[in-house]
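What follows is each chain in one-letter form.
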Amino acid sequence: IANRATQITRKSLESATDLRMIAKYTNGYDNVDVKAASNLGIVVVNSPTESNWGGVAEGTMAYILCLLKKVREKDRHVKNGGWRDQSLFGTYVGSRLSDGYEGLTIGIIGFGRIGRKLIKRCLGFEANIHVYDPFVNKQIIENNKCNEIDFTDGLVLADFISIHVPLNKETENLIAKEELKQMKENCILVNTARGGIINEKDLVWALTNKKIYGAGLDVFETEPPLKDNPLFQLDNVLLTPHNAALTLECRKRMAVETCENIVYYLTKSDLLNKNNIINKNYLN
Ligand code: NAD
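Counting from 1, residues in each chain are numbered in the order their sequence is written. Given that this is a predicted model, residues contribute local features only at a pLDDT of at least 70 and side-chain atom pairs are listed and counted only at 80 or more, while totals for whole chains, interfaces and linings are drawn from all residues. Processing note: side-chain calculations cover all non-hydrogen atoms of the structure and skip hydrogens and water entirely.

Undergrad: Run through the overall build of the protein, naming residues and quoting values.
TA: Within the protein one finds 11 helices and nine strands. The atom set for the radius of gyration is the C-alpha atoms, and the globule formula is 2.2 Å times the number of residues raised to the power 0.38. Scaling as 2.2 N^0.38, a compact globule of 284 residues should have a C-alpha radius of gyration of about 19 Å, and the protein matches this with 20 Å. Overall, the C-alpha framework of the protein stretches about 70 × 45 × 35 Å when taken along its three principal axes. Counting the 284 residues in the protein, one finds 46% classified as buried. The contact criterion used throughout is that any non-hydrogen atoms of two residues lie within 4.5 Å. If you take every contact in the protein between residues at least 6 apart in sequence, the share linking residues at least 24 apart comes to 63%. Taken as a whole, the protein presents about 15500 Å² of accessible surface, with 53% of it coming from carbon and sulfur. The averaged location of the 34 negative side-chain charges in the protein is 3 Å from the averaged location of its 36 positive side-chain charges. Every helix listed is a DSSP run of H or I at least four residues long, and every strand listed is a run of E at least two residues long, numbered separately from the N terminus. Burial classes: relative accessible area under 20% of the type maximum marks a residue as buried, over 50% as exposed, and values in between as partly exposed (1.4 Å probe, protein chains only). Surface accessibility in these figures is a Shrake-Rupley result with a 1.4 Å probe; residues are shielded only by whichever protein chains are displayed. In this tally Asp and Glu are treated as negative and Lys and Arg as positive; neither His nor the chain ends contributes. For the purpose of locating charges, the reference atoms are NZ of Lys, CZ of Arg, CG of Asp and CD of Glu.

Below you can see the structure in the form of structure tokens.
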């Protein structure tokens with residue numbers, strides 16, 4: 001048994017000569033060398049239960065609404081004795097998600113399970129949504145009432161960007177200084193996917209120099225983040241401890257799903273392939 005961030009490398013897999021299966025009690029599997037496991041005949045499964053995707057989508061909505069409506073700032077303002085004074089029309093003025101006169105454009109990077117759940121919720125707010133996912137057919141994106149967009153155009157256009165891609169060689173540092181420079185000054189960036197997709201040092205630079213308005217992070221390059229992480233000093237970032245999806249129901253479902261995977265594997269059940277095996281294309 002390892003924790004979810006433990007790096008399962010080719011070397012460690014090769015030394016575990018009796019190992020037949022890795023059953024992850026998480027959705028992401030970026031800490032496992034899946035290619036090496038496949039070469040060694042080791043099955044890798046995860047537990048991407050619906051309550052996890054839905055939970056992350058709701059957690060992301062919490063970030064969106066809190067940051068857009070400046071809930072923290074207003075709370076601090078009132079607790080400091082403030083009320084409906086002039087400052088409310090500067091620092092404390094919020095924005096609307098709804099499309100139209102004052103509506104915002106949301107950019108979603110990754111049109112997978114979580115990205116789609118989030119989109120459904122944002123559509124409920126009548127938001128204007130642009131999606132970047134080169135692995136999904138444009139028609140499918142448009143059928144879901146979103147616009148397909150090129151990566152760079154999305155960075156430039158969006159008022160709010162939310163990341164829902166796996167961490168891998170292609171997505172590591174997907175958002176670094178050059179990308180942050182292209183975003184709007186009022187842009188809010190949220191990452192509930194994996195640390196490392198946004199370059200943290202560059203994000204600190206962008207937040208400190210007000211290149212973007214703010215950020216919300218559920219995930220970090222190093223978890224738990226080190227005590228001297230400069231993000232802790234910033235007011236324009238909202239941080240949570242990699243638990244965007246956390247509900248008791250979700251934990252239970254994930255635990256049951258992990259156990260089911262092990263039973264399915266041991267009983268050679270076809271069900272093992274049905275929901276949880278990694279690399280299965282869930283999407284189309
Ligand atoms: P998913 O596999 O269903 O969807 C990922 C999507 O990303 C796919 O549509 C894929 O085509 C797209 N994609 C891959 N590479 C891309 C790239 N380079 N550019 C643009 N799009 C790309 O995954 P999911 O279930 O939606 O989860 C997304 C990620 O969220 C997971 O990989 C995991 O790391 C993370 N996650 C975090 C938490 C949490 O607690 N914060 C919980 C669950 C999952």
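Undergrad: An account of helix α9 (residues 200-208) is needed here, citing residue identities and associated values.
TA: Within the sequence span of α9, burial applies to E200, D202, L203, V204, A206 and L207. Turning to α9, the residues buried within the fold contact α8 (177-182), β7 (188-191), β8 (214-217) and β9 (237-239). For α9, the N-terminal capping position is held by N199, with its side-chain oxygen 3.1 Å away from the main-chain nitrogen of K201. Looking one or two residues past α9, K210 carries a phi angle of roughly 55 degrees, positive in sign. Side-chain atoms alone can form a polar contact between residues adjacent in sequence; in general such a contact is a pair of N or O atoms within 3.5 Å, and within protein one must be able to donate a hydrogen while the other accepts it.

Undergrad: So what's going on with the site of the ligand? Residues and values would help.
TA: What makes a residue near a molecule or strand is one non-hydrogen atom of that residue sitting within 4 Å of it. The environment of the ligand is made up of 22 residues, and the closest members are R113, I114, D133, T192 and D218. Taking D218, its side chain carries an N or O atom lying 2.9 Å from a nitrogen atom of the ligand. In isolation the ligand has 870 Å² of accessible area, and contact with the protein removes 89% of it. Looking at the shell around the ligand, the elements with two or more residues in it are α3 (50-68) and α5 (113-124). Of the residues belonging to the shell around the ligand, the class tally is 10 nonpolar, eight polar and four charged. Polarity classes work like this: nonpolar for Ala, Val, Leu, Ile, Met, Phe, Trp, Tyr, Cys and Pro, charged for Asp, Glu, Lys and Arg, and polar for all others, with Gly in that last group.

Undergrad: Which residues make up α5, and what values do they have?
TA: Here, expected helix span is obtained from the residue count minus one, scaled by 1.5 Å. Here α5 spans 17 Å end to end across 12 residues, near enough to the 16 Å set by a 1.5 Å rise per residue. I114, G115, K117, L118, I119 and C122 are the residues of α5 that are buried. Each element contacted by the buried residues of α5 is listed here: α3, β3 (105-109), β4 (128-132) and β6 (160-163). Positive backbone phi, approximately 60 degrees, marks E126, located one or two places after α5.

Undergrad: Pulling in residues and values, what's your account of the pattern of salt bridges?
TA: By definition, a salt bridge exists where a carboxyl oxygen of Asp or Glu is found within 4 Å of a side-chain nitrogen of Lys or Arg. The tally for this structure, following the rule as stated, stands at seven salt bridges. Between D30 and R194 there is a salt bridge, with the nearest N and O atoms lying 2.7 Å from each other. Taken together, the residues D30 in the loop between β1 (21-23) and α2 (34-39) and R194 in the loop between β7 and α9 connect sequence positions 164 residues apart. By relative accessible area, D30 is classed as partly exposed at 32%.

Undergrad: Give me the lowdown on the pairing of β4, citing residues and values where you can.
TA: Strand pairing is assigned whenever DSSP identifies at least 2 bridges connecting the two strands. Both β3 and β4 contribute to a ladder of five bridges, which runs parallel. Paired with I108 across the two strands is V131, which belongs to β4. Viewed with both strands pointing away, a crossover whose connecting path from the first strand over the helix to the second turns clockwise is right-handed. As for the winding sense of the linkage, the β-α-β connection from β3 through α5 to β4 is right-handed. Bridge analysis of β4 against strand β5 (residues 147-148) gives two bridges, and the strand direction is parallel. Each residue of the ladder has a partner; that of H130, found in β5, is N147.

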